[in-house]
Amino acid sequence: MKKRIRIYYIVLAILCLISTIIFLCKNVSGYNDYKYEINECNKYLSLEVKQSNYDTNDYDIERCKYILNDKEKPYSFFLAFDQFIETGIFKFIFPFFVSIIIFIPLVYKLSLELDSNYIKYYLMRKKYKSYVFDLIKKAYKNIFVILLMLSLLIIVSLIKSNFNISPRLDIYLLYLSQEALLFENPINCVIYVVIIILNLLIYANIALMVLRNNHKNYLISLTECFLVTYMYLCFTFIVIGVLVDKCFGIISEQINLFEIFTWHGITNPILFLIVNTIYYIISLVIVLLMYKNKEKIIMKCEG
């Protein structure tokens, strides 16, 4: 078992390394036309050209002054991150296949454990509650592979952007959306990390729910985990989103779980955090209820 899991992580690491090299070797797109923006702003601020000849919504004075004053500044970390996450294998992993990256080792390890007599030997030494929490802890450990990937994305993006963490120039050049300004507040950076961790833990909880009823066939269990996850994501976006919109006037994009890694369309971090915390608590309660009956769990493992 350990050998197969090790091979899986090695292959994943190689693909991530290749994607990183590809990103480091290419130019961050968008800055090829930077000179055009500078020329337009020079014209706009010049006395030779009347301001009325230009669209003040696109070339307002504040925006042009910022562009000209920071024209030697490199692109920001946020633009680099936005494009790195769309490079190589990361383009497929985030956000659509994050769950499957977690499920492959998680389902494999726990299905083998639940299909053995491990629970009987465990209960000879410790209480059943300890076994359940130990099972949850084993499931949660599998989220670290995604956290390591995100750490790689962040570190490489910082290096690529020469540690420029101000997104304002990129926003004025229309390469980034206004949401990037949220991260000028350190509290929102913490909220971003917490929301991601909560979502990864929800995926682990979903796997535990599926394995409670089906742990005999690895491929079937893996497929069920993946399908249940997408049903959950679609349900929260479509059904919950519509209800929140009708009851509170909050558009569904504000709680879109498909955007937890990029925050496109997210303008209220506190609301996003509250919603994700509620989802996590609900999923954890369901797991605890499903594993509450010791006798049924033992019978299921033996069956």
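Computed from a prediction, not measured in an experiment: that's the story for all the values here.

Enquirer: Help me out: how do you make sense of helix α12 (residues 269-290) in this one?
Expert: Along its 22 residues, α12 runs 32 Å from first to last C-alpha, staying within 8% of the 32 Å computed at 1.5 Å per residue. Every buried residue of α12 is listed here: Pro269, Leu271, Phe272, Val275, Asn276, Tyr279, Tyr280, Ser283 and Val287. In this structure, the buried residues of α12 make contact with α7 (128-140), α10 (186-213) and α11 (218-248).

Enquirer: Hey, could you run me through helix α1 (residues 2-25) in this one?
Expert: One turn of the α-helix equals 3.6 residues, which is why residues spaced by three or four share an orientation. Its 24 residues place the ends of α1 35 Å apart at the C-alpha level, agreeing with the 34 Å of an ideal helix rising 1.5 Å per residue. Taken together, the buried residues of α1 touch α4 (77-84), α5 (88-114) and α8 (144-160).

Enquirer: Any chance you could explain the environment of Lys160 here in plain terms?
Expert: Residue placement: Lys160 occurs in helix α8. Measuring from C-alpha to C-alpha, the distance between Lys160 and Tyr75 comes to 8.9 Å, with 85 residues separating the pair along the chain. Residues contacting Lys160, with those up to four places away along its chain left out, are Phe23, Leu24, Lys26, Val28, Tyr75 and Ala80. Side-chain polar atoms of Lys160 contact the backbone oxygen of Lys26, separated by 2.6 Å.

Enquirer: Where do I start with the packing of aromatic side chains in this structure?
Expert: Each aromatic ring pair is characterised by the separation of its centres together with the angle its planes make. If you walk through the whole model with that rule in mind, you get 22 aromatic pairs. Ring geometry for Tyr192 against Trp263: centres 5.6 Å apart, planes inclined by 70°, an arrangement best described as edge-to-face. You can see Tyr192 sitting in helix α10 and its partner Trp263 sitting in the loop between α11 and α12, a full 71 residues away along the chain. Grouping residues by exposure puts Tyr192 and Trp263 together as buried. The ring of Tyr122 carries the charged tip of Arg125 above its face, separated from the ring centre by 5.5 Å. The ring of Phe23 carries Lys160 above its face, with NZ or CZ at 5.5 Å from the centroid.

Enquirer: Just to check I follow, could you spell out a nonpolar patch on the surface for this structure?
Expert: Taken together, the side chains of Ile7, Ile10, Val11, Ile14, Leu15, Ile18 and Ile22 define a hydrophobic patch exposed on the protein surface, amounting to about 590 Å² of accessible area. Within the secondary structure, Val11 sits in helix α1.

Enquirer: Can you help me understand the packing of α5 against α11 in this one?
Expert: When two helices pack together, their arrangement is given by the angle between the helix axes and by the axis-to-axis distance. Contact pair α5 / α11: the axes reach a minimum separation of 9 Å and the direction vectors enclose 145°. The crossing of α5 and α11 is right-handed. Taken together, the residues of α11 that come into contact with α5 (itself represented by Phe96, Phe97, Ser99, Ile100, Phe103, Ile104, Val107, Tyr108 and Ser111) are Tyr218, Ser221, Leu222, Cys225, Phe226, Thr229 and Tyr230. When its residues are assigned to classes, the contact of α5 with α11 shows 12 nonpolar, 4 polar and no charged.

Enquirer: How should the pattern of salt bridges be read in this particular structure?
Expert: Two side chains of opposite charge can pair, provided their charged atoms sit close to one another. Overall, the coordinates contain 4 salt bridges when judged by the stated rule. Between Asp134 and Lys138 there is a salt bridge, and its shortest N-O distance comes to 3.5 Å. Placement of both Asp134 and Lys138 in helix α7 is noted, with a separation of 4 residues, approximately one turn of the helix. Of the charged contacts, one joins Glu184 and Arg168 as a salt bridge, the two residues approaching to 3.2 Å between their closest N and O atoms. Of this pair, Glu184 sits in the loop between α9 (168-172) and α10 while Arg168 sits in helix α9, and the two are 16 residues apart along the sequence. In this structure, a network of salt bridges that share partners links the residues Glu113, Asp134 and Lys138.

Enquirer: Help me out: how do you make sense of unusual backbone geometry in this one?
Expert: The phi torsion of most residues other than glycine is negative, and most of the peptide bonds are trans. Each neighbour pair has its own omega, and for Phe94 with Pro95 the value is -5°, a cis peptide bond. With a phi close to 60°, Asn162 is a non-glycine residue in the positive phi region. Among the structural elements, Asn162 can be located in the loop between α8 and α9. At Phe163, a residue that is not glycine, the phi angle is positive and equals roughly 60°. For Phe163, the location among the structural elements is in the loop between α8 and α9.

Enquirer: I'm lost on the environment of Leu169 in this one. Help?
Expert: By the element assignment, Leu169 lies in helix α9. Sequence-wise, Leu169 and Pro74 are 95 residues apart; in three dimensions their C-alpha atoms are separated by 9.0 Å.

Enquirer: Is there a simple way to explain the state of the cysteines in this structure?
Expert: Each disulfide consists of one covalent bond between the sulfur atoms belonging to two cysteines. Within this structure, the stated rule accounts for 0 disulfides. Here Cys234 is not cross-linked by a disulfide; its sulfur's nearest cysteine counterpart is in Cys225, at 16 Å.

The rules behind each value
- Just so you know, the residues in each chain are numbered from 1, in the order the chain's sequence is written.
- Only residues with pLDDT of at least 70 are given local features in this predicted model, and only at 80 or more are side-chain atom pairs given and counted; all residues enter the totals for whole chains, interfaces and linings.
- The basis for the side-chain values is all heavy atoms of the structure; hydrogens and waters are excluded.
- The helix and strand labels rest on DSSP assignments: H or I over at least four residues marks a helix, E over at least two residues marks a strand, and numbering proceeds from the N terminus.
- A helix is expected to span 1.5 Å multiplied by its residue count minus one.
- Classification of residues uses two cut-offs on accessible area relative to the type maximum, computed with a 1.4 Å probe and protein chains only: under 20% is buried, over 50% is exposed, and between them is partly exposed.
- Should any heavy atoms of two residues lie within 4.5 Å, those residues are considered in contact.
- N or O atoms within 3.5 Å of each other form a polar contact, as long as, within protein, one can give a hydrogen and the other can take it, and as long as residues adjacent in sequence are counted only when both atoms are side-chain atoms.
- A pair of aromatic rings is counted whenever rings of Phe, Tyr or Trp (Trp by its six-membered ring) have centres within 6.5 Å, and the orientation is called stacked for planes under 30 degrees apart, edge-to-face for over 60 and tilted otherwise.
- Charge-over-ring placement is defined geometrically: NZ (Lys) or CZ (Arg) within 6 Å of the ring centre, and within 35 degrees of the ring normal.
- Patch definition: residues above 30% relative accessible area lacking any salt bridge, with like charges linked at up to 9 Å and the nonpolar side chains Val, Leu, Ile, Met, Phe, Trp and Tyr linked at up to 5 Å.
- With residues, only the protein chains shown are counted as cover, and all accessible areas are computed by Shrake-Rupley using a 1.4 Å probe.
- The rule for a salt bridge is simple: a side-chain nitrogen of Lys or Arg has to be within 4 Å of a carboxyl oxygen of Asp or Glu.
- Convention adopted: a line fitted to C-alpha atoms gives each axis, helices being fitted over their contacting stretch, and angles between N-to-C directions are expressed from 0 to 180 degrees.
- By the definition used in this description, the sense in which the near helix is turned from the far one sets the handedness, with an anticlockwise turn below a right angle giving left-handed and a clockwise turn giving right-handed.
- Think of it as three bins: nonpolar holds Ala, Val, Leu, Ile, Met, Phe, Trp, Tyr, Cys and Pro, charged holds Asp, Glu, Lys and Arg, and polar takes everything else, Gly as well.
- Only a pair of cysteine sulfur atoms within 2.5 Å counts as a disulfide in this structure description.

By themselves, these are just geometric observations and shouldn't be taken as functional.
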